[in-house]
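Structural characterization, general
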Amino acid sequence: MIARLAMSAALLAIATGAAPLSTGELDLSFTNVRSAKGSLLVCITAEPDYFPDCTGDPDKRFLTVPAARPVVKVNGLPARRFAVSVHHDENGNNKLDTFVGVPKEGIGFSRNPRLTFGPPGFERVALSITPGTNRQSVKLQYFL
């Protein structure tokens, strides 16, 4: 019965030109977290214009993860490309603290690019989400 319903839905999608909606889950882990204080503020976006902080993105996923338990599972992501950015908000003020433009708190991005001046571009950190389980480990980097 369930198989027939699934087949009917797939045939209807093909007949109407609509693609079946497929989603995946993203298992995120964070490494090199220097303390268990505060939280990890995580932004997940599919739009380059809203990267790296998700400001203004109506479709963003913004998560607060305890630094003491730096793992999270994100369900229901459509199969497409996303970029992840994170910062370790050790003092709990919900913003990235800087000193003369240099982050005082840890930061990280999907695909773990080498950081120099400024955040990496969306294309450099974007990862493809496919149906099923996807895993990504993000290494935090501290400069001060």
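Residues numbered from 1 in each chain as written. Predicted model: local features only at pLDDT ≥ 70, side-chain atom pairs only at ≥ 80, totals over all residues. Heavy atoms only, no water.

Within the structure shown, the criterion is met by 5 salt bridges. R34 is paired through a salt bridge with E90; the nearest N and O atoms lie 2.9 Å apart. With R34 in the loop between β1 (23-31) and β2 (39-45) and E90 in the loop between β5 (81-89) and β6 (98-99), the pair connects residues that are 56 residues apart, well separated along the chain. Judged by relative accessible area, R34 falls into the partly exposed class, the value being 43%. E123 is paired through a salt bridge with R81; the nearest N and O atoms lie 2.6 Å apart. Of the two residues, E123 sits in helix α2 (residues 122-125) while R81 sits in strand β5, which places them 42 residues apart along the sequence. By relative accessible area, E123 is classed as exposed at 53%. Among the residues examined, R81 registers a relative accessible area of 32% and is labelled partly exposed. (Salt bridge = Lys/Arg side-chain N within 4 Å of Asp/Glu carboxyl O. Helix = DSSP H or I, 4+ residues; strand = E, 2+ residues; numbered from the N terminus. Buried < 20%, exposed > 50% of the residue type's maximum accessible area, 1.4 Å probe, protein only.)

Let us now look at a nonpolar patch on the surface. On the surface, F99, V100, V102, F143 and L144 cluster together into a nonpolar patch covering about 490 Å² of accessible area. Residue position: F99 is located in strand β6. Exposure remark for F99: the relative accessible area of 51% places this residue in the exposed category. (Patch = residues over 30% accessible without salt bridge, like charges linked within 9 Å, V, L, I, M, F, W, Y side chains within 5 Å. Areas by Shrake-Rupley, 256 points an atom, 1.4 Å probe, with all protein chains shown as cover.)

With that settled, the discussion passes to the side chain of D57. Checked against the element boundaries, D57 lands in the loop between β2 and β3 (61-66). Look at D57: it is buried, it has no salt bridge, and the nearest opposite charge is K60 at 6.8 Å. In terms of polar contacts, D57 uses its side chain to reach the side chain of T45, at 2.4 Å. If we skip the residues at most four places from it in the chain, D57 touches T45, E47 and Y50. (Lys, Arg positive; Asp, Glu negative; His and termini not counted. Polar contact = N/O pair within 3.5 Å; in protein donor to acceptor, adjacent residues only side chain to side chain. Contact = heavy atoms within 4.5 Å.)

Let's shift gears to the state of the cysteines. Cysteine pairs can be covalently joined through their sulfur atoms, and such a bond is termed a disulfide. Throughout the structure, instances matching the rule amount to 1 disulfide. Paired by a disulfide, C43 and C54 hold their sulfur atoms 1.8 Å apart. Handedness of the C43-C54 disulfide follows from its S-S torsion of about 85 degrees: it is right-handed. Placement of the pair is C43 in strand β2 and C54 in the loop between β2 and β3, with a sequence separation of 11 residues. (Disulfide = S-S within 2.5 Å.)

Sheet faces and side chains relate simply in a regular strand, where the side chains alternate between the two faces. Extensive coverage of β2 is indicated by the burial of 6 of its 7 residues. Pairing between β2 and β3: 6 bridges, direction antiparallel. The partner of V42 across the bridge, within β3, is L63. The pairing of β2 with β5 spans 7 bridges and is classified as antiparallel. Paired with I44 across the bridge in β5 is V84. (Pairing = 2+ DSSP bridges.)

With that out of the way, let us pick up the packing of aromatic side chains. Within this structure, the stated rule accounts for 2 aromatic pairs. Look at F51 and F122: their rings are 6.0 Å apart centre to centre, the planes differ by 80 degrees, and that puts the pair in the edge-to-face class. Here F122 lies in helix α2 and F51 lies in the loop between β2 and β3, a separation of 71 residues in the sequence. Relative accessible area serves as the criterion here: at 11%, F51 is assigned to the buried category. (Phe/Tyr/Trp six-rings, centres within 6.5 Å; stacked < 30°, edge-to-face > 60°.)

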